[in-house]
Amino acid sequence: MAFLLNKTNLLSHCLRSSSQMEDAVALSRRGFHVEPGAREKALLAPDPALSRFKSYKKSVKRLKRLSDVLTIVVAAGCAYEIYVRATM
């Protein structure tokens, strides 16, 4: 009998703790906005020492397009080579 009481107590404790966890998750999802402090603003400010490492969007986009086209050409060449060998 004591075992059954312990089992129900354990079950009720688990149910209570899961509902408390859901409340905590719901509270964290609300996303309160807090203004950044002076340190955060200083960290987010543009750093002139890093400007030479800046990625330029046009050149990166062009390089990506070139690599995509090259991949398609190589895949088509491999498929053609397989087709030619299969028909011989």
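Look above for the structure.
Along each chain, residue indices are assigned from 1 in the same order as the chain's sequence is written. Only residues with pLDDT of at least 70 get local features here, since the model is predicted, and only at 80 or more are side-chain atom pairs given and counted; chain-wide, interface and lining totals rely on the full set of residues. Here the side-chain values reflect all heavy atoms present in the structure, with hydrogen atoms and water set aside.

Trainee: Which residues make up the overall build of the protein chain, and what values go with them?
Mentor: Helix and strand definitions here come from DSSP, where helices need a minimum of 4 consecutive H or I residues and strands a minimum of 2 consecutive E residues; each element is numbered from the N-terminal end. Within the protein chain, the secondary structure is distributed over three helices and zero strands. Counting from the amino terminus, the protein chain carries its helices and strands in the arrangement α-α-α. Within the protein chain, the fraction of its 88 residues that count as buried is 0%. Total accessible area on the protein chain stands at roughly 9,100 Å², and carbon and sulfur atoms take up 66% of it. Only protein chains enter the accessibility calculation, which uses a 1.4 Å probe; a residue is then buried when its area is under 20% of its type maximum, exposed when over 50%, and partly exposed in between. Exposure was quantified through the Shrake-Rupley algorithm and a 1.4 Å probe, taking into account, for residues, occlusion by the shown protein chains and nothing else.

Trainee: An account of the pattern of salt bridges is requested, with residue identities and associated values reported.
Mentor: What counts as a salt bridge is simple: a side-chain nitrogen of Lys or Arg found within 4 Å of a carboxyl oxygen of Asp or Glu. For the structure shown, the criterion picks out two salt bridges. For the salt bridge of K64 with D68, the shortest nitrogen-to-oxygen distance reads 3.6 Å. Of this pair, K64 and D68 are both found in helix α3 (residues 57–87), four residues apart, which corresponds to roughly one turn of the helix. What makes D68 partly exposed here is its relative accessible area of 38%. R85 is paired through a salt bridge with E81; the nearest N and O atoms lie 3.1 Å apart. With a gap of four residues between them, R85 and E81 both fall in helix α3, about one helical turn apart.

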